Each structure stands twice: as structure tokens, then as C-alpha cells.
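One letter stands for each residue in the lines below.
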Amino acid sequence: MKKISILMTAMTAIIASTVFTACDKSDDTQSNYEKYQQAVNKTVNKEKKNDKAILLVAFGSTWEQAYDTFDEIVADYKSNFNGWDIYLSFSSAICINNARAGENVDPKDYYDPEHWLTAIGLAGYKQIVVQSLQVIPGEEYRRVRDTYVKDFMNNRNGDFSDEYMKSLDLNVVVGTPLMAEEEDAEKLAVVLNNEADIKTAVQQGIVAFMGHGNPEGYDYYGGNVRYLQLEQYLRILNQNYYVGTVDMDETYVDDVLEHIKGGIFAITVGDVVKTMTYLPNASTKAQLFPLMSIAGDHAHNDMADAEDEESWFSMFNAAGIETKAYETNFTEACWKQYKSGEEYIPALGERKAVRKLWMNHTTQAIAKLGTEEALSTPTTAPEE
Amino acid sequence: MGLAGMFIPLLPDAQTILLTDSLQEVVVTGTGTEHLLRDVPVQTEVITSRMLRHYAGRSIEDILGGLSSSFDFNENDMGSHLQLNGLGNAYVLILVDGRRLHGDNGGENDLGLIDPNNIEKIEIVKGASSALYGSDAIAGVINIITRKHRQQGVMLENTTRTGSHGDLRQHNGISLNYGALSSFTNFQLQHSDGWQNTSIEAPSQTEYLITDSRNMTVSRHTNWQIAQHLGWQLTPAVELYADGSLYRKRIYRPCGHHPGVDVKTYDLLYNNASLSAGGQWKLNATDHVSLDIDWKRHAYLYAYTDTTLTEGYVNGYYTNYFPYFPGQKELQSDQRLTDIRLKGVFSLPYDQRLSAGLEYRYDWLSAPMRVKGGQVRDNTAAAYVQDEYSLHERLYLTAGLRLTRNEGFGSCLTPKLAAMLKLGDIRLRGTWSQGYKTPTPKELHYQYIRNMNGVYLYLGNTGLQAQRSDYFGLSGEYRVSGFNLSLTGYYNMVDHMITLVTIPTNQAPGELIAQYDPIRVRQYQNIEQAATRGLDASIGYQAGDFVLGGSYSYLDTEANQYDSENECMHRVVIDGTARHKASCHASWQHRFSERYQLGIGLSGRMSGRRHYQIDGDGKAYQLWRLNTSHQWGENIRAEAGIDNLFDYVDRTPHGLHLGTTTPGRTFFVSLSIRFHKGKKLSNKYITNLNSNQNEEN
């Protein structure tokens, strides 16, 4: 009896002690961050050929067509910016994780802007341009400028010597997004209207571009207004053009369909109300294009998914407009798996002429290096 | 006959109780007091030990889904997705010996915490039982009654069940009963290699037709649990106990080829522990007071299998790019519950029985990266009273009332009224009960992302209101020796039902949209009106060695949500519901000699199409199982069988909903061996509450 009591007490003690010691040990967070940083440093040290670096910053994607588009953008930059080392980063951690772990494509180390910039600094680059691959100066661009670059310039993690930080004065500039200023929207309108596939489509009927946009209340820098400006410039060229977005209020697909019916619309963008006038459009055909640097989830799902009743494709067709979301006559497809003649959704980054506009912004940024201009805020203020 | 005649004495007469006829089945869940099944005032469904033996289920999901048409499941990495008459796990209170199962992932309890080989029987009470059990019990209560081991001396038992897809269910029990002290140690291990019903991804969700996906239908997983129970009969009237348990589970997720589709960089880990203590003081033959104190922990972690960037802090600064490396773990959430219950059951004059209780519940949730501030807590206190009263020899009434006070949602009264009319062998029962459920800390505060053919953002909602329900049930039951037939109609209306709804991205915080760029945002929201109504029918027949039974459930749901954009009510589907479901079972057992006994069981379950808001409906299905049992003497038992006899497999591409996740035809064998040394219990101590013998009765 006594033995049994001892046995029972022992069992209880074992269980209780295990319960109370089952807490998880916290990881050494500092060393994790540094270990990862060392991998990025290694990549930069291996790639470094010059003292000047361009870091391209995109949101990222998990689509193979997008990877190939990014490859093309990097290749274009490499051939146009001799004397500069080109790096590409994703700001989406999920996109970085998945691109790295997926086996179907070559493992891709896109890394994030935070670690890239630290590695670039540690490698001793003397001049750095951080080029936004965003379309508008919106929330993603704000993060590039006000978080990644600012933290780097503030030496947030204390990675760099004062001497090095001083040497970077006037030598780090942010390259602006595709439609940083209104004049960029005008230039983009001209470029898009000159694209062969778009030109053909707009002669046959409606051409509707689907941009991303920022959610209401998140349009800090007046980025959203660029979509309306682009639409205005496009419509000067042809009344068949329309521009809408996924996230910007009053420019959703149902709004675009209302615009096609015609009318005067007062669209509120931040503090500004922009009046847009549309004549009724009787076209019964339409072609959809993404107004995004790559064609990923939004282009294939929100725009083109025939099974989703709320996709642009479904909504347009339901409105009685015979609409196509794919095309077969695009000649600059970046996706390596693509076979000519198959259906395709081309992204802005696949259009050489559009890439040229981004590169123009990089050229402008480079021109500012070493001058007082480097201190200027490289974006627009909200519209007056 | 007065009400006292309905109650079962705690040490019943052995001759009465040894009969296994359902007339003698004792149930406790409906009223919290013991009643014979045929005379229980609240309609109660029982999965008996005999049904459990002939079904030989591999898990609690398998058992409930296979033996009752009211249940459905859809097992995947995120949980079992239990549904009872159309309402999900969040509305179903699961008790193990009267104590709530704790911890959820997306509202889903981890049913691996229940050892399928240590179940004596399962009682199911449908409809709101909030008056007695508090929140969660809006769709019903499932009370898992575990086997009790009261034989003096030492008892050792081992059950090993193995089957296709590396399935292993291991159970070991050690019972030590010496005088006033008792101990039971239970170990269980559940493992499956998992399976993949298709390697095709839904073409509409992917870049091109993917035929080599590594996404599993059910992932490889292993869980084990060790539980210890200590009992001390301090005096003949006072019994004390202390319990503790540890549980671990790992879900292994293979990494695939396609970055947007089947790439996984972490496994899922669960880490549970519990401690309980309490006792019961018998005041006399019918009255008692009990006190139970539970502390339970349910922690959910990622176990990284590849380098992964996620949110974290470095040098005190927040970063989106904190790296974890293979082999490292990160806590996602840690839910802790402290639950104290004081209950008394007293006989009152005029054949009344009064149950009264006080409860206090403290919930604590720590989720460093999923909850603003890292932690939230919730306090709930409640007092309840229930009276059972025999108004007339044919008419029994039960009335209950619960006052709940929640720190965030104030006070609420939830009443319950049940009546039973006895007309010979026919019982007519009617119930009206209200349910009350405050939003859980997770529903209020939790936010997370899932990457599953695109990024999904899930959001809590601090604007949620508490849910209230009204349940009306009417049933007729005819039960005689060897035959029973019952028909129940119900209407369960849930006001402000909380459910995950896909919301326009512009309604989500812009900061999160900019950070994750999700393809869909899903948020917990109150649905204006939701109702389930249906009909449950069951029939059972026993003649000699044969037992036949079946059940059918008809379900109709209606849920409406206010569409603020279009200013109208918008009808939504309650995910996973099927209009028609049925189950049936037949068993035959025969004792060829004292040394050998054979049992054969055939069971089937069927479901109509299951409806979902997004990603397609689940296909209708029917599954059949054949099980044979072989008993040699008292202590050795073997089972062998075939599950899914006709090899039905739902090969719907990944990303769309399945009707069932069954892997197709599988085979299983099981062996139970028991050793006992010590004084055998006399018949007077064997109740059919603890008929835990391997042998058939």
C-alpha cells in the first residue's frame, strides 16, 4: 500500500514537473537576423563589380510569369546602366519565402529591401539609387522612401561607421514610380497608346486598364489621382480608353461600367474632387489589360477569372460587353513557358517602352547624386 | 410514480444494470443529473459502447461522423471542421467527462485530445444548453464519457490499431486501485502518414494547369498524450481527485514545387497541458456538492522547415523581415483557460430535484504577432439554477436559468424549459432554450495570413456583438425492449451569428492591404439572422444477436447579412451544410464458446452536396465500413475491417471544397490485451456507466 502511494505521488510529480517545464525557450532573435544578413552580404560581395548600386524594389509575386518579367527588368537595367550593379528586392516577405523554397523555378533570393540595403552599405558602395518599381506614388512607395531608405540613412541598426554614413550624404537617391508626377501619366498614356496590341484593341472597342490603387484613407501622397489623370490623357487620344482599379474607391469595376454608360462623375481622391466626364460608349467589345508591373494574382483572378462572378471579365460580359481578358498577339511576352499564339495577359513590365519610362526615372535619380537635389523629396505632394 | 423513480441510485442494483438493453442506458448530459435514457426529460442521443465496439473507429471524427447522421467533418491541417446539425464547432460544446475540451484553431477544437480507445460512450444533446453549460453550447453538447477502471489491484491494457496510410492508434492504460486510492495513467498515440487524393490544383486558381502539386488532402501527423488521474476516497462521502495531462501534435507539411501553390516553409505544432483538481461530497443518497478546478493550455507553434521571413522585433524595432531557420519554432498563439465550477444537486419536496452552480472562467490569449499588444484576456462569471419537477406522473418539467456576466459584454439571462409527456412507451418531449455566446478573444482580436493559392488575410473584429439563440425542439420517441424509434424537429435561430465572411478589400485596414496585398480578406462578422431547421429521425432494433439501426437528418439553413454597399440583406450560405445526411449500422455477434466470440458490423454514412460561400460545393458521398471483432476469453480482443468498402474518393482539385476527405478503401487491424491482478469487482459495483470490459455483455 505504501509503495503504491509512493508510486502515485511520483507519477504526479513527474507529470507536474513536465507541465511546468514545458515552456518554449525563446530564440536568440539577434543572431537570427544577423545570420540572415550574412547570407545577403555574401550575395552582394559575390555580385559586386562596381561602387555604384541600383536596388530595384517591387512588391513581389509568386507567379512564374512575374519572375520572368522581373528577370527581364533586371536584364534591361544591366544593359542600360553600365558601371552600376543591379539588385532586385521584394517587399513582400511571403513572396520572398515562397520564391526561395519553390523547386519548380530556380531558387531565387530576392531578399527584402532592409537586408539588401544593409548588405549594400556593408559592401561599401559609394552611390546608391533605390528605384521603386511601383506604378503610383502610393503606400508601397511610401514604405520604400520613408521606411527602408530612411532607416538605412539613419543607420537604425548601427551597422555602419559614422565615416561611411557621412560619405553617403547626397549619394543615396530614390528613383520615383512609373507615374510619379502628372506629366508621367501623360507620357505613359502616349506610350500605351503606341503599343501595337493596345492600339489594335482600342480601334475595335473598349480598352479598360485595371490598376491596383490604394484603399480609401490610405492615399497619403496623392498617388491614386494618377489613375484618373492617366485616364484623362488616354481618353484625349481615344474615347474608348477607361482606367479602373482594384482598391481605389469609386474606380472599381462597377464604377468603370457606369463610366462606360456615360455621365459626369465627381470622384473624391483624398482631399481633391476630380470631375470626370464620359460620353456614353456604345461599343459591344472590350479588351482588358492590367496596369501593373507584373501579371500575377490580380491580373489573373480579379481581372480575368471567368469563374469569379465579380471579376472584371465576368462583370463586363454580364453587362453585355463581349470582353476578352487574354490576348494572343503580344510579341514581348517575358514568360519563358509562353508559346506564341497562346492566350496571354501582358504586364506593364513586359513592355519595353514602359520599362524605358521607369529607367528614365532612374536616370533622373542618378543625375541628382552628389547635388543638393539629392536631398529633395522625390515625389509629389497631394494635388492642390 | 414520482420523479425519484426516474433517478438512478449511484450504486444501482446489479441485476438491473447488467442488462445492456437501451432501456437501461443511463445518461447525464441533458440535465446534469442521472436518468435512464428512456425517461430522460431532454432528448439525448447515445453512441453506446456496443456501437463503438462494432464500429471500431480510428478517431472521434470517424466515430461521430459514422454513427450519427447529425455530424459532418472535413479534416484538414487546420482542424476537423466538425458540424452538428449545420452549426460549426464554435457552437458545439465538447465535454470529456463533463469538462470542456479547450483550445481551438479557427474555432476548431483539436479532437486528437480524445483517445478513441478510452471511450465508454458518447452522449449528444442537440440544441442550446447554455443554461447548464454556458457559452458554446448553442448547437449542442457532446459529452465523451471515458472508461472508468475501478477494479481493485493492478490493471494493464494495450490496444494497438494499425491500418492503411501508416495509420497507428496506440492506447495504453495502467490502473492501480488500492483501498481508498486509485490511479489511472492513460497514454495514447495517433499517427497517419496522410494521403493525397489528387495532385491537381484548381485551374482557376493557378497560373497554369498544375498536375504535380504536393499539397496533401490530409497531411502526415503525429500526436501523443499522457494523462494521469489520481483519486482518493477520503471518506465514504467525500471523493477527491487530481488530473494532469500533456499533449503534443505535429502536422508535417511537405514543400512543393510551385511558389504560389504548394510551397510550405513550416510544420504546425500543438503543445497542450492541463491540470485539474476537485472533489465531490455526497450529502445523502441523492444530494451532492462538487467542486472542479481546471487549468488548460493550448499552444500553437510554427516549426520552420525552410528559411522564412516573418514579422518580429530586432533591437526593439518592428520588422517585416525577421528570419527563422529550419528547426526553429515560433509561437503563434497560446490559449490558457482557468475554469472553476461549484455545483450542488439537491432533492426538494414534491419530487423536485434542484441543481445549482457557480462558475468562473478566465481566458488568456497570448499571440505576439497576431494580436495587438500581444495579449488579451476575458473574464466570465455565471450562476445557474435548474429544477426538475414531476408535475404529474406522466408529465415532467425541467426549467433552468443562467445568469452570465462577461467583462466586455455585460450580463445576460438564458432560460431553458423542457417538458416530457409519458404515454405508455411513447415519450413526447418539447424544449425551448436560449443560448448566449460572447465573441471569443480570437474572434475579437486575432489576425493572421494564410498563403493558399494566394494570400488570404483573416481579421478579428472588435465591433462584434454577442450571439443569442433560441432553440425549439419537439420530439416523439417510442422505446420498448429491443426497439426504438424517434423523430425530432427543431428550429435553431441564432441572432448576430458570428461567421467568417469575405469582405471587400477596401473595408480592411489599408496598412494590412498594402503590406500583404491579399487576394481575399475574410473577417469575423455578425450575420443579421441565421437559422437552422431540420428533422432528425432514428430507428434501432435488436433481436437476439442482431442489432440494426439508422438515422437520417434533414437540414435547411437560412442566413442573411446586411450588405452596407448596396443597403440590402444578402443571403449567405452557412459553410459546409448538407441538406440530407444519413447513417445506418447493422451488427451481429455470436458467442461460439466460452473462449471465442465473433462480431460483425456493417455501417454506412451518406451525405448530400455540401454548400459553401466560396470555392465550390463539396460533392455528395456515401461510405461503407465492414468490421469484424474477435474475442478470446476475457482479455484478448482483435478487430479487422475494411473502411470505405466501395473505394469512393473525392478527387476534386486542391483549393476547392471536398464532400469528404476519405482516402478511399483502407484496411485496419487492432489488438487489445488486458492484464489484471487483484480482487475482482462484485457485480454490485459494475454499472453500465463503467462497463469497460473488453468482453461483450
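Residues numbered from 1 in each chain as written. Chains lettered and ligands numbered in written order. Predicted model: local features only at pLDDT ≥ 70, side-chain atom pairs only at ≥ 80, totals over all residues.

## Considerations on the overall build of chain A
Selection rule: The helix count covers DSSP runs of H or I at least four residues long, the strand count covers runs of E at least two residues long, and both are numbered beginning at the N terminus. Note on burial: count the other C-beta atoms lying within 10 Å of the residue's C-beta; 20 or more is buried, 12 or fewer is exposed, in between is partly exposed, and C-beta positions come from the backbone. Two residues qualify as being in contact provided that their C-beta atoms, derived from the backbone, are within 7 Å of each other.
When you go through chain A residue by residue, the secondary structure sums to 14 helices and 10 strands. The 384 residues of chain A split such that 47% are buried. Taking as baseline every contact in chain A between residues at least 6 positions apart, the subset at least 24 positions apart corresponds to 73%.

## With respect to the overall build of chain B
Quick reminder of the rule: The globule rule used here is 2.2 Å times the number of residues to the 0.38 power, and the radius of gyration it is set against is calculated over C-alpha atoms.
When helices and strands are tallied, chain B shows six helices and 41 strands. Computed over the C-alpha atoms, the radius of gyration of chain B is 25 Å, within 12% of the 26 Å expected from 2.2 N^0.38 for a compact globule of 697 residues. Considered along the principal axes of its C-alpha atoms, chain B spans approximately 70 × 55 × 50 Å. Expressed as a percentage of its 697 residues, the buried residues of chain B come to 47%. Looking at chain B alone, contacts between residues at least 24 apart form 64% of all its contacts between residues at least 6 apart.

## Focus on the interface of chain A and chain B
Taken together, the contacts link 55 residues of chain A with 53 residues of chain B. Contributing elements (two or more residues each) for the side of chain A that touches chain B: helix 1 (2–20), helix 2 (29–47), helix 3 (64–80), helix 4 (93–101), helix 5 (113–122), helix 6 (139–153) and helix 12 (297–303) of chain A. A per-element tally of the side of chain A that touches chain B places helix 1 of chain A first, with nine residues.

## Considering the pairing of strand 2 (residues 85–90) of chain A
Residues and elements named next belong to chain A. How we decide: Note: two strands are recorded as paired if DSSP finds a minimum of 2 bridges between them.
Within strand 2, six of the six residues are buried, which leaves it mostly tucked inside the rest of the structure. Across the two faces of strand 2 the burial is the same, with Asp 85, Tyr 87 and Ser 89 and Ile 86, Leu 88 and Phe 90 all buried. The pairing of strand 1 (residues 52–58) with strand 2 spans six bridges and is classified as parallel. Within the sheet, the bridge partner assigned to Ile 54 lies in strand 2 and is Ile 86.

## A closer look at the sheet that holds strand 9 (residues 285–290) of chain A
Residues and elements named next belong to chain A. Counted only if it meets this: The axes used here are C-alpha line fits, helices contributing only the stretch in contact, and every angle between their N-to-C directions lies in the interval 0 to 180 degrees.
Within the open sheet, the four strands sit side by side as 6-5-9-10. Their pairing is parallel. Unpaired on one side and paired on the other, strand 6 (241–245) and strand 10 (322–324) mark the two borders of the sheet. If you compare each strand with its neighbour and ignore which way they point, the axes differ by 25° on average. Strands strand 5 (206–211) and strand 6 of the sheet are contacted by helix 10 (residues 225–237), whose axis makes an angle of about 170° with strand 6. Against the sheet, helix 11 (residues 253–261) engages strand 5 and strand 6, with an angle of about 160° to strand 6.

## Re the sheet that holds strand 12 (residues 140–146) of chain B
Residue and element names in this part refer to chain B. Ordered by their spatial adjacency, five strands build an open sheet running 3-11-12-7-8, and the pairing between neighbours is mixed. The open sheet has two edge strands with one neighbour each: strand 3 (45–47) and strand 8 (99–100). Across five bridges, strand 7 (residues 92–96) lies against strand 12 in parallel orientation. Paired with Leu 95 across the bridge in strand 12 is Asn 143.

## Details of the nonpolar core
Keep this limit in mind: Any nonpolar core is a set of buried residues, restricted to Ala, Val, Leu, Ile, Met, Phe, Trp, Tyr and Cys, that join up through C-beta atoms within 7 Å. The domain boundaries here were taken from an automatic or database domain assignment.
Formed by 118 residues in total, the largest nonpolar core has its most connected members in Leu 55, Leu 56, Ile 120, Ala 208, Leu 230 and Leu 288 of chain A. The residues that make up this core include at least three from each of domain 1 (36–178 + 362–375) and domain 2 (182–350) of chain A.

## A closer look at the domain arrangement of chain A
Residue and element names in this part refer to chain A. Here the domain parsing of chain A yields domain 1 (36–178 + 362–375) and domain 2 (182–350). The C-alpha-based centres of domain 1 and domain 2 are spaced at 29 Å. With 20 residues of domain 1 in contact, the opposing surface of domain 2 contributes 26 residues. Of all the secondary-structure elements, those providing two or more residues to the side of domain 1 that touches domain 2 are helix 3 and helix 6. Residue contributions to the side of domain 1 that touches domain 2 peak at eight residues, all from helix 3.

## Digging into helix 14 (residues 352–368) of chain A
Residues and elements named next belong to chain A. Quick note on the threshold: By this rule the span expected of a helix is its residue count minus one, scaled by 1.5 Å. The directions from the helix axis to the C-beta atoms are what the arc is built from.
With 17 residues, helix 14 extends 25 Å between its outermost C-alpha atoms, agreeing within 8% with the 24 Å of an ideal straight helix rising 1.5 Å per residue. When helix 14 is considered as a whole, its buried residues turn out to be Val 354, Arg 355, Trp 358, His 361, Thr 362 and Ala 365. Angular distribution of buried residues about the axis of helix 14 spans 110°; they occupy a single face of the element. Exposed positions of helix 14 whose direction lies more than 90 degrees from the buried face are Lys 352 and Ala 367. On its buried face, helix 14 sits against strand 1, helix 3, strand 3 (127–132), strand 4 (172–175) and helix 8 (182–194). Note on helix 14: the residue one or two positions beyond its end, Gly 370, has a positive phi of about 80°.

## Quick notes on unusual backbone geometry
The backbone of Leu 170 of chain A sits at a positive phi, close to 65°, despite the residue not being glycine. Examined against the element boundaries, Leu 170 of chain A turns out to sit in the loop between helix 7 (162–167) and strand 4. When the 15 C-beta atoms within 10 Å are taken as the criterion, Leu 170 of chain A is described as partly exposed. A positive phi angle is found at Tyr 350 of chain B, which is not glycine, with a value near 60°.

## Quick look at the confidence of the model for chain A
All names here are of chain A. Formally: Scored from 0 to 100, pLDDT records how confident the predictor is in each individual residue.
On average, residues of chain A carry a pLDDT of 88, and 88% of them reach 70 or more. Of all secondary-structure elements in chain A, the lowest mean pLDDT belongs to helix 1, at 47, while strand 5 reaches the highest, 98. Counting contacts from residues 14–27, a segment whose pLDDT is below 50, to residues more than four positions away or on other chains yields 16 contacts.

## Some details on the packing of helix 8 of chain A against helix 10 of chain A
All names here are of chain A. Basically, it comes down to this: Angular relationships are summarised with four words: roughly parallel below 35 degrees, roughly antiparallel beyond 145, roughly perpendicular across 65 to 115, and oblique for the angles in between. Each crossing gets its handedness from the near helix: less than a right angle anticlockwise from the far helix is left-handed, clockwise is right-handed. Residues are grouped as follows: nonpolar covers Ala, Val, Leu, Ile, Met, Phe, Trp, Tyr, Cys and Pro; charged covers Asp, Glu, Lys and Arg; every other residue, Gly included, is treated as polar.
Between helix 8 and helix 10, whose axes approach to 8 Å, the crossing angle comes to 45°. When the interaxial angle is binned, helix 8 and helix 10 end up oblique. Crossing of helix 8 against helix 10: the hand is right-handed. Packed against helix 8, whose contacting residues are Glu 182, Ala 185, Glu 186, Leu 188, Ala 189, Leu 192 and Asn 193, the element helix 10 presents Arg 226, Gln 229, Leu 230, Tyr 233, Leu 234 and Leu 237 at the interface. Residue composition of the contact of helix 8 with helix 10, by class: eight nonpolar, two polar and three charged.

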